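Architecture at a glance
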Amino acid sequence: MTVRVPFVDLRVQHETLMPELMDAFRQVTESSAFAGGPFVAQFESEFAVFCQSQYALGVGSGTDAIWLALLSLGVGQGDEVITTPNAVLATAEAISICGARPVFVDIDERTYTMDPRHLERAITLRTQAIIPVHSFGQMADMDAIQAIASRHGTPIVEDACQAHGAEYKGRRAGSLGVVGCFSFYPGKNLGAFGEAGAITTEEPDLRARVQALRDHGQAAKNLHSTIGWNARMDGIQAAVLSVKLRRLEEGNQLRRAHARHYDELLADEPRVTRPSVAPYGKHVFHIYAVRVQDRDRVLERMAAKGVNCAVHYPLPIHLQKAYGFLGLRPGAFPVAERCAREFLSLPMYPELKPDEIEFVVDALKDSLGD
Ligand SMILES: Cc1ncc(COP(=O)(O)O)c(C=O)c1O
(Lines give C-alpha, C1' and ligand atoms only; values in the text may rest on other atoms or scores of the structure.)
Protein backbone atom coordinates (compact mmCIF):
# COMPACT_ATOMS: atom_id res chain seq x y z
CA MET A 1 0.00 0.00 0.00
CA THR A 2 1.41 3.41 -0.92
CA VAL A 3 1.67 5.79 1.97
CA ARG A 4 -0.55 8.82 1.27
CA VAL A 5 0.15 10.51 4.62
CA PRO A 6 3.16 9.45 6.69
CA PHE A 7 3.11 9.78 10.46
CA VAL A 8 6.06 12.20 10.36
CA ASP A 9 7.93 13.50 7.32
CA LEU A 10 11.19 15.32 7.96
CA ARG A 11 12.27 15.56 4.32
CA VAL A 12 10.46 18.78 3.40
CA GLN A 13 11.79 20.55 6.50
CA HIS A 14 15.33 19.47 5.72
CA GLU A 15 15.09 20.40 2.04
CA THR A 16 14.02 23.94 3.00
CA LEU A 17 16.88 24.23 5.48
CA MET A 18 19.48 22.53 3.27
CA PRO A 19 21.67 25.62 2.54
CA GLU A 20 21.80 26.54 6.25
CA LEU A 21 22.45 22.93 7.28
CA MET A 22 25.24 22.56 4.72
CA ASP A 23 26.81 25.76 6.00
CA ALA A 24 26.60 24.44 9.57
CA PHE A 25 28.26 21.14 8.54
CA ARG A 26 31.01 23.05 6.77
CA GLN A 27 31.68 25.20 9.83
CA VAL A 28 31.83 22.22 12.19
CA THR A 29 34.06 20.29 9.78
CA GLU A 30 36.43 23.20 9.28
CA SER A 31 36.79 23.79 13.02
CA SER A 32 36.84 20.06 13.95
CA ALA A 33 34.71 20.95 16.97
CA PHE A 34 33.00 17.56 17.08
CA ALA A 35 32.62 16.81 20.80
CA GLY A 36 31.40 19.69 22.95
CA GLY A 37 33.03 22.99 21.93
CA PRO A 38 31.77 26.32 20.57
CA PHE A 39 28.75 25.01 18.61
CA VAL A 40 27.43 23.33 21.73
CA ALA A 41 28.06 26.49 23.79
CA GLN A 42 26.22 28.60 21.21
CA PHE A 43 23.23 26.28 21.06
CA GLU A 44 23.12 26.16 24.86
CA SER A 45 22.82 29.93 25.15
CA GLU A 46 20.19 30.10 22.37
CA PHE A 47 18.14 27.26 23.87
CA ALA A 48 18.31 28.79 27.37
CA VAL A 49 16.81 32.01 25.98
CA PHE A 50 14.12 30.05 24.11
CA CYS A 51 13.17 28.20 27.31
CA GLN A 52 13.21 31.37 29.46
CA SER A 53 15.86 29.64 31.58
CA GLN A 54 19.12 30.88 32.96
CA TYR A 55 21.17 27.94 31.74
CA ALA A 56 20.90 25.13 29.21
CA LEU A 57 23.37 22.26 28.92
CA GLY A 58 23.64 19.96 25.93
CA VAL A 59 23.81 16.23 26.69
CA GLY A 60 23.73 12.99 24.72
CA SER A 61 19.95 12.29 24.80
CA GLY A 62 16.75 12.97 26.69
CA THR A 63 17.38 9.86 28.76
CA ASP A 64 20.81 11.22 29.71
CA ALA A 65 19.16 14.53 30.62
CA ILE A 66 16.74 12.93 33.10
CA TRP A 67 19.39 10.65 34.53
CA LEU A 68 21.93 13.48 35.01
CA ALA A 69 19.24 15.74 36.46
CA LEU A 70 18.42 13.12 39.10
CA LEU A 71 22.09 12.37 39.82
CA SER A 72 22.83 16.07 40.21
CA LEU A 73 20.01 16.26 42.79
CA GLY A 74 21.65 13.43 44.70
CA VAL A 75 19.04 10.75 43.89
CA GLY A 76 20.44 7.29 44.57
CA GLN A 77 20.01 3.85 46.07
CA GLY A 78 16.85 3.37 48.14
CA ASP A 79 15.23 6.64 47.04
CA GLU A 80 11.88 7.01 45.33
CA VAL A 81 11.01 9.27 42.40
CA ILE A 82 7.41 9.93 41.39
CA THR A 83 6.31 10.02 37.76
CA THR A 84 3.47 8.82 35.49
CA PRO A 85 3.14 5.38 33.89
CA ASN A 86 2.01 6.47 30.40
CA ALA A 87 5.38 7.51 29.01
CA VAL A 88 8.30 6.03 27.15
CA LEU A 89 10.30 3.72 29.36
CA ALA A 90 13.15 6.28 29.42
CA THR A 91 11.79 8.32 32.35
CA ALA A 92 11.44 5.30 34.62
CA GLU A 93 14.74 3.88 33.36
CA ALA A 94 16.62 7.04 34.29
CA ILE A 95 15.18 6.71 37.81
CA SER A 96 16.20 3.04 37.99
CA ILE A 97 19.71 3.63 36.67
CA CYS A 98 20.25 6.03 39.60
CA GLY A 99 19.37 3.14 41.90
CA ALA A 100 16.02 4.65 42.86
CA ARG A 101 12.52 3.22 42.54
CA PRO A 102 9.88 4.74 40.27
CA VAL A 103 6.57 5.40 41.98
CA PHE A 104 3.69 6.06 39.62
CA VAL A 105 0.75 8.43 39.85
CA ASP A 106 -2.18 8.15 37.44
CA ILE A 107 -2.83 10.74 34.73
CA ASP A 108 -5.58 13.27 34.30
CA GLU A 109 -8.25 12.06 31.85
CA ARG A 110 -8.18 15.34 29.85
CA THR A 111 -4.57 16.51 29.78
CA TYR A 112 -2.93 13.04 29.92
CA THR A 113 -0.38 14.47 32.35
CA MET A 114 0.17 13.79 36.08
CA ASP A 115 -3.08 14.10 38.03
CA PRO A 116 -2.15 16.26 41.05
CA ARG A 117 -5.08 14.79 43.03
CA HIS A 118 -3.14 11.52 43.39
CA LEU A 119 0.28 13.04 44.01
CA GLU A 120 0.33 13.72 47.74
CA ARG A 121 -0.52 10.18 48.79
CA ALA A 122 2.37 8.85 46.67
CA ILE A 123 4.92 10.92 48.61
CA THR A 124 6.89 9.11 51.30
CA LEU A 125 9.97 9.87 53.39
CA ARG A 126 12.02 8.30 50.58
CA THR A 127 10.70 10.59 47.83
CA GLN A 128 13.58 12.59 46.37
CA ALA A 129 12.04 14.08 43.21
CA ILE A 130 8.81 14.42 41.24
CA ILE A 131 8.92 14.15 37.44
CA PRO A 132 5.80 15.45 35.71
CA VAL A 133 5.91 14.46 32.04
CA HIS A 134 4.53 17.13 29.70
CA SER A 135 2.92 14.47 27.54
CA PHE A 136 2.31 15.00 23.83
CA GLY A 137 3.35 18.68 24.08
CA GLN A 138 1.01 19.84 26.86
CA MET A 139 2.34 20.87 30.24
CA ALA A 140 1.22 19.26 33.46
CA ASP A 141 -0.70 21.40 35.98
CA MET A 142 2.46 22.88 37.46
CA ASP A 143 0.87 25.15 40.11
CA ALA A 144 -0.97 22.25 41.71
CA ILE A 145 2.09 19.98 41.52
CA GLN A 146 4.38 22.74 42.77
CA ALA A 147 2.14 23.44 45.78
CA ILE A 148 2.36 19.80 46.89
CA ALA A 149 6.08 19.53 46.10
CA SER A 150 6.83 22.68 48.12
CA ARG A 151 4.94 21.38 51.14
CA HIS A 152 7.25 18.35 51.15
CA GLY A 153 10.42 20.15 50.03
CA THR A 154 10.65 17.86 47.00
CA PRO A 155 12.33 19.13 43.83
CA ILE A 156 10.48 18.95 40.51
CA VAL A 157 12.28 17.68 37.41
CA GLU A 158 10.24 18.49 34.31
CA ASP A 159 10.27 15.84 31.61
CA ALA A 160 9.85 18.29 28.73
CA CYS A 161 11.11 15.82 26.12
CA GLN A 162 7.88 16.26 24.12
CA ALA A 163 7.24 19.90 24.99
CA HIS A 164 9.78 22.27 23.39
CA GLY A 165 8.16 25.71 23.60
CA ALA A 166 5.01 24.58 25.46
CA GLU A 167 3.78 27.09 28.02
CA TYR A 168 2.15 27.17 31.44
CA LYS A 169 0.60 30.56 32.29
CA GLY A 170 3.11 32.25 29.98
CA ARG A 171 6.13 30.34 31.23
CA ARG A 172 7.97 27.93 29.01
CA ALA A 173 8.48 24.22 29.66
CA GLY A 174 11.79 23.66 31.38
CA SER A 175 11.67 26.95 33.31
CA LEU A 176 9.32 25.90 36.13
CA GLY A 177 11.00 22.93 37.76
CA VAL A 178 14.38 22.86 39.45
CA VAL A 179 15.57 21.15 36.27
CA GLY A 180 13.98 20.71 32.83
CA CYS A 181 14.89 17.80 30.55
CA PHE A 182 14.63 17.78 26.77
CA SER A 183 15.11 15.20 24.03
CA PHE A 184 16.15 16.17 20.51
CA TYR A 185 15.42 12.77 19.02
CA PRO A 186 14.95 13.40 15.27
CA GLY A 187 11.13 13.30 15.27
CA LYS A 188 10.72 15.76 18.16
CA ASN A 189 9.47 19.33 17.57
CA LEU A 190 13.15 20.27 17.74
CA GLY A 191 15.05 17.28 16.40
CA ALA A 192 18.75 16.61 15.86
CA PHE A 193 20.34 14.40 13.20
CA GLY A 194 20.69 11.59 15.72
CA GLU A 195 20.64 11.46 19.50
CA ALA A 196 20.85 14.60 21.64
CA GLY A 197 19.24 16.18 24.69
CA ALA A 198 19.47 19.14 27.06
CA ILE A 199 18.97 20.19 30.64
CA THR A 200 17.71 23.61 31.68
CA THR A 201 18.08 25.12 35.13
CA GLU A 202 18.18 28.39 37.02
CA GLU A 203 20.68 27.15 39.57
CA PRO A 204 24.43 27.65 39.06
CA ASP A 205 25.29 24.76 41.43
CA LEU A 206 23.14 22.29 39.52
CA ARG A 207 24.57 23.54 36.28
CA ALA A 208 28.12 22.96 37.56
CA ARG A 209 27.23 19.45 38.75
CA VAL A 210 25.67 18.49 35.41
CA GLN A 211 28.61 20.02 33.55
CA ALA A 212 30.97 17.78 35.49
CA LEU A 213 28.78 14.65 35.40
CA ARG A 214 28.30 14.77 31.61
CA ASP A 215 32.09 14.89 31.18
CA HIS A 216 33.52 12.09 33.36
CA GLY A 217 33.12 14.12 36.52
CA GLN A 218 35.71 16.69 35.44
CA ALA A 219 35.44 19.92 37.40
CA ALA A 220 38.42 21.24 35.42
CA LYS A 221 40.55 19.60 32.73
CA ASN A 222 42.00 16.32 34.07
CA LEU A 223 40.65 17.01 37.55
CA HIS A 224 37.83 14.58 38.30
CA SER A 225 35.84 15.63 41.34
CA THR A 226 33.33 12.79 41.01
CA ILE A 227 32.60 9.72 38.90
CA GLY A 228 30.52 10.80 35.93
CA TRP A 229 29.99 9.53 32.41
CA ASN A 230 30.39 10.56 28.80
CA ALA A 231 27.05 12.23 28.11
CA ARG A 232 28.26 15.17 26.02
CA MET A 233 26.47 16.64 23.04
CA ASP A 234 28.15 16.40 19.60
CA GLY A 235 29.16 19.65 17.89
CA ILE A 236 27.38 18.59 14.70
CA GLN A 237 24.10 18.03 16.57
CA ALA A 238 24.39 21.43 18.26
CA ALA A 239 25.00 23.15 14.91
CA VAL A 240 21.97 21.42 13.36
CA LEU A 241 19.85 22.30 16.41
CA SER A 242 20.85 25.98 16.20
CA VAL A 243 19.64 26.07 12.58
CA LYS A 244 16.37 24.34 13.43
CA LEU A 245 15.74 26.34 16.61
CA ARG A 246 15.16 29.44 14.46
CA ARG A 247 12.08 27.72 12.96
CA LEU A 248 10.78 26.05 16.10
CA GLU A 249 8.24 28.71 17.07
CA GLU A 250 6.85 28.78 13.52
CA GLY A 251 6.70 24.96 13.50
CA ASN A 252 4.82 24.95 16.82
CA GLN A 253 2.31 27.48 15.49
CA LEU A 254 1.71 25.33 12.41
CA ARG A 255 1.19 22.28 14.63
CA ARG A 256 -1.43 24.21 16.64
CA ALA A 257 -3.17 25.24 13.41
CA HIS A 258 -3.19 21.60 12.21
CA ALA A 259 -4.62 20.53 15.58
CA ARG A 260 -7.43 23.09 15.19
CA HIS A 261 -8.12 21.78 11.69
CA TYR A 262 -8.30 18.18 12.98
CA ASP A 263 -10.55 19.39 15.84
CA GLU A 264 -12.97 21.11 13.46
CA LEU A 265 -13.21 18.12 11.15
CA LEU A 266 -13.72 15.72 14.06
CA ALA A 267 -16.12 17.92 16.05
CA ASP A 268 -19.21 16.04 14.83
CA GLU A 269 -17.70 12.56 15.33
CA PRO A 270 -18.94 11.09 18.64
CA ARG A 271 -16.77 7.97 18.26
CA VAL A 272 -13.58 10.03 18.58
CA THR A 273 -12.31 11.76 21.74
CA ARG A 274 -10.21 14.72 20.69
CA PRO A 275 -7.28 16.06 22.74
CA SER A 276 -8.22 18.88 25.09
CA VAL A 277 -6.09 21.93 25.69
CA ALA A 278 -5.96 23.04 29.32
CA PRO A 279 -6.86 26.72 29.81
CA TYR A 280 -3.57 27.31 31.64
CA GLY A 281 -1.25 26.78 28.74
CA LYS A 282 -0.04 26.48 25.19
CA HIS A 283 0.07 23.00 23.68
CA VAL A 284 2.78 22.35 21.07
CA PHE A 285 1.22 19.15 19.69
CA HIS A 286 4.31 17.02 19.43
CA ILE A 287 1.61 14.36 19.16
CA TYR A 288 -2.06 14.76 18.24
CA ALA A 289 -3.60 11.74 19.95
CA VAL A 290 -7.28 10.92 19.69
CA ARG A 291 -9.02 8.11 21.58
CA VAL A 292 -11.09 5.47 19.83
CA GLN A 293 -12.56 2.07 20.64
CA ASP A 294 -11.02 -0.99 19.01
CA ARG A 295 -7.90 1.04 18.35
CA ASP A 296 -5.70 -1.69 16.83
CA ARG A 297 -8.29 -2.46 14.18
CA VAL A 298 -8.67 1.27 13.37
CA LEU A 299 -4.88 1.58 13.12
CA GLU A 300 -4.72 -1.33 10.68
CA ARG A 301 -7.59 -0.04 8.56
CA MET A 302 -6.00 3.39 8.33
CA ALA A 303 -2.69 1.87 7.27
CA ALA A 304 -4.58 0.01 4.52
CA LYS A 305 -5.91 3.38 3.33
CA GLY A 306 -2.39 4.83 3.20
CA VAL A 307 -2.41 6.74 6.50
CA ASN A 308 0.36 5.92 8.95
CA CYS A 309 -0.65 6.47 12.55
CA ALA A 310 1.22 5.54 15.73
CA VAL A 311 0.44 4.60 19.32
CA HIS A 312 2.03 6.44 22.25
CA TYR A 313 2.14 3.99 24.07
CA PRO A 314 0.25 0.69 23.96
CA LEU A 315 1.49 -0.73 27.30
CA PRO A 316 1.98 1.50 30.38
CA ILE A 317 5.33 1.22 32.13
CA HIS A 318 4.01 -0.51 35.27
CA LEU A 319 2.74 -3.39 33.09
CA GLN A 320 6.00 -3.83 31.16
CA LYS A 321 7.98 -6.97 31.98
CA ALA A 322 10.99 -4.80 32.86
CA TYR A 323 9.01 -3.31 35.75
CA GLY A 324 7.31 -6.53 36.83
CA PHE A 325 9.41 -6.42 40.01
CA LEU A 326 7.28 -3.50 41.23
CA GLY A 327 4.41 -5.97 41.57
CA LEU A 328 1.82 -3.62 40.05
CA ARG A 329 -1.21 -5.28 38.45
CA PRO A 330 -3.64 -4.19 35.73
CA GLY A 331 -6.10 -1.78 37.31
CA ALA A 332 -3.42 0.02 39.38
CA PHE A 333 -3.67 3.15 37.17
CA PRO A 334 -7.05 2.93 35.44
CA VAL A 335 -6.88 6.18 33.46
CA ALA A 336 -3.42 5.49 32.04
CA GLU A 337 -4.44 1.93 31.20
CA ARG A 338 -7.68 2.95 29.48
CA CYS A 339 -5.88 5.63 27.49
CA ALA A 340 -3.16 3.17 26.47
CA ARG A 341 -5.89 0.94 24.97
CA GLU A 342 -7.56 3.84 23.14
CA PHE A 343 -4.81 6.25 22.07
CA LEU A 344 -4.25 6.71 18.36
CA SER A 345 -1.72 9.33 17.24
CA LEU A 346 -2.63 10.93 13.92
CA PRO A 347 0.01 12.29 11.50
CA MET A 348 1.43 15.56 12.83
CA TYR A 349 4.30 17.70 11.56
CA PRO A 350 4.50 21.35 10.53
CA GLU A 351 4.59 20.67 6.78
CA LEU A 352 1.34 18.69 6.80
CA LYS A 353 -1.09 20.07 4.17
CA PRO A 354 -4.79 20.86 4.77
CA ASP A 355 -5.87 18.28 2.15
CA GLU A 356 -3.72 15.65 3.89
CA ILE A 357 -5.48 16.40 7.19
CA GLU A 358 -8.83 16.03 5.42
CA PHE A 359 -7.65 12.73 3.93
CA VAL A 360 -6.59 11.48 7.39
CA VAL A 361 -9.94 12.41 8.94
CA ASP A 362 -11.92 10.76 6.11
CA ALA A 363 -9.80 7.62 6.52
CA LEU A 364 -10.36 7.72 10.30
CA LYS A 365 -14.14 8.08 9.99
CA ASP A 366 -14.25 5.21 7.49
CA SER A 367 -12.11 3.04 9.76
CA LEU A 368 -14.16 3.42 12.95
CA GLY A 369 -16.52 0.73 14.18
CA ASP A 370 -20.12 1.44 15.22
C1 LIG B 1 8.52 11.95 27.47
C2 LIG B 1 9.88 11.45 27.08
N3 LIG B 1 10.81 11.27 28.03
C4 LIG B 1 12.05 10.85 27.73
C5 LIG B 1 12.42 10.56 26.43
C6 LIG B 1 13.79 10.05 26.15
O7 LIG B 1 14.50 10.85 25.23
P8 LIG B 1 15.63 10.21 24.30
O9 LIG B 1 14.95 9.29 23.33
O10 LIG B 1 16.24 11.40 23.62
O11 LIG B 1 16.59 9.51 25.17
C12 LIG B 1 11.48 10.76 25.40
C13 LIG B 1 11.83 10.49 24.00
O14 LIG B 1 11.20 9.75 23.32
C15 LIG B 1 10.18 11.21 25.73
O16 LIG B 1 9.25 11.41 24.79
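So, a few notes on the structure that sits alongside this text. Bear in mind the structure is a predicted one, so any value in this text is a computation, not a measurement.

**Thoughts on the overall build of the chain**
Secondary structure summary: the chain contains 11 helices and 14 strands in total. Within the chain, the proportion of its 370 residues that are buried is 58%. In the chain, 71% of the contacts between residues at least 6 apart in sequence involve partners at least 24 apart. When the accessible area of the chain is evaluated, it comes to approximately 15800 Å², of which 52% is carbon and sulfur surface.

**Points about the pairing of strand 9 (residues 197–201)**
Counting buried residues along strand 9, five of its five residues qualify, which places the element largely inside the surrounding structure. Because side chains alternate across strand 9, one face comprises the buried residues Gly197, Ile199 and Thr201, and the other comprises Ala198 and Thr200, equally buried. Inspection of the sheet shows strand 1 (residues 55–59) paired to strand 9 by five bridges, in the antiparallel sense. Paired with tyrosine 55 across the two strands is threonine 201, which belongs to strand 9. Examined bridge by bridge, strand 8 (residues 179–183) and strand 9 share five bridges and lie antiparallel to one another. Considered in strand 9, the bridge of valine 179 is made with threonine 201.

**Describing the side chain of histidine 283**
With respect to the element layout, histidine 283 can be found in the loop between strand 12 (281–282) and strand 13 (288–291). At 3.4 Å, the side chain of histidine 283 and the backbone oxygen of glycine 137 are in polar contact. Here the side chain of histidine 283 touches phenylalanine 285 through a polar contact of 2.9 Å, landing on its backbone nitrogen. When neighbours within four sequence positions are excluded, histidine 283 is seen to be in contact with Phe136, Gly137, Gln138, Arg256 and Val277.

**Some thoughts on the sheet that holds strand 2 (residues 80–83)**
Here three strands make up an open sheet; going across it, the order is 3-2-4 and the pairing parallel. Both edges of this open sheet fall to strand 3 (101–104) and strand 4 (127–130), since each of them pairs with a single strand only. Taking the axes of each pair of neighbouring strands and ignoring which way they run, one obtains an average angle of 30° across the sheet. Of the strand pairs in this sheet, strand 2 and strand 4 are connected by three bridges, and their pairing is parallel. Note that in strand 4 the partner of glutamate 80 across the bridge is threonine 127. The strands touched by helix 4 (residues 89–97) are strand 2 and strand 3; relative to strand 3, the strand with the most contacts, the crossing angle is about 140°.

**Some details on unusual backbone geometry**
Phi is mostly negative for residues that are not glycine, and the peptide bonds are mostly trans. Note that the residue after histidine 312, namely tyrosine 313, is joined by a cis bond; omega there is 5°. If you check the backbone angles, phenylalanine 136 has positive phi at about 65° while not being a glycine. Here phenylalanine 136 is to be found in the loop between strand 4 and helix 5 (142–152). The phi dihedral of asparagine 222 falls on the positive side, at around 65°, and the residue is not glycine. In this fold, asparagine 222 is placed in the loop between strand 10 (218–220) and strand 11 (223–224).

**A closer look at the packing of helix 9 (residues 295–304) against helix 11 (residues 354–367)**
Two elements in contact, helix 9 and helix 11, have axes whose closest approach is 9 Å; the angle formed by their N-to-C orientations is 130°. Judged by the angle between their axes, helix 9 and helix 11 are oblique. Every pair of crossing elements has a handedness; the one defined by helix 9 and helix 11 is right-handed. Across the interface between the two elements, Val298, Arg301 and Met302 from helix 9 touch Val360, Ala363, Leu364, Asp366 and Ser367 from helix 11. Split into classes, the residues belonging to the contact of helix 9 with helix 11 amount to five nonpolar, one polar and two charged.

**Overview of the sheet that holds strand 9**
Strand order in this open sheet of four strands is 1-9-8-5, and the pairing throughout is mixed. Since the sheet does not close on itself, it has two edges, and those belong to strand 1 and strand 5 (157–159), each with one partner. Recorded for the sheet is a direction-independent mean angle of 20° between the axes of neighbouring strands. Bridge analysis of strand 5 against strand 8 gives three bridges, and the strand direction is parallel. The partner of valine 157 across the bridge, within strand 8, is valine 179. Where helix 6 (residues 204–213) meets the sheet, its contacts fall on strand 1, strand 8 and strand 9, and the angle it forms with strand 1 comes to roughly 15°.

What counts as what
Residues numbered from 1 in each chain as written. Predicted model: local features only at pLDDT ≥ 70, side-chain atom pairs only at ≥ 80, totals over all residues. Heavy atoms only, no water. Helix = DSSP H or I, 4+ residues; strand = E, 2+ residues; numbered from the N terminus. Buried < 20%, exposed > 50% of the residue type's maximum accessible area, 1.4 Å probe, protein only. Contact = heavy atoms within 4.5 Å. Areas by Shrake-Rupley, 256 points an atom, 1.4 Å probe, with all protein chains shown as cover. Pairing = 2+ DSSP bridges. Polar contact = N/O pair within 3.5 Å; in protein donor to acceptor, adjacent residues only side chain to side chain. Axes fitted to C-alpha atoms, helices over the stretch in contact; angles between N-to-C directions. Parallel < 35°, antiparallel > 145°, perpendicular 65-115°, else oblique. Left-handed = near helix turned anticlockwise from the far one by under 90°. Nonpolar A, V, L, I, M, F, W, Y, C, P; charged D, E, K, R; others polar.

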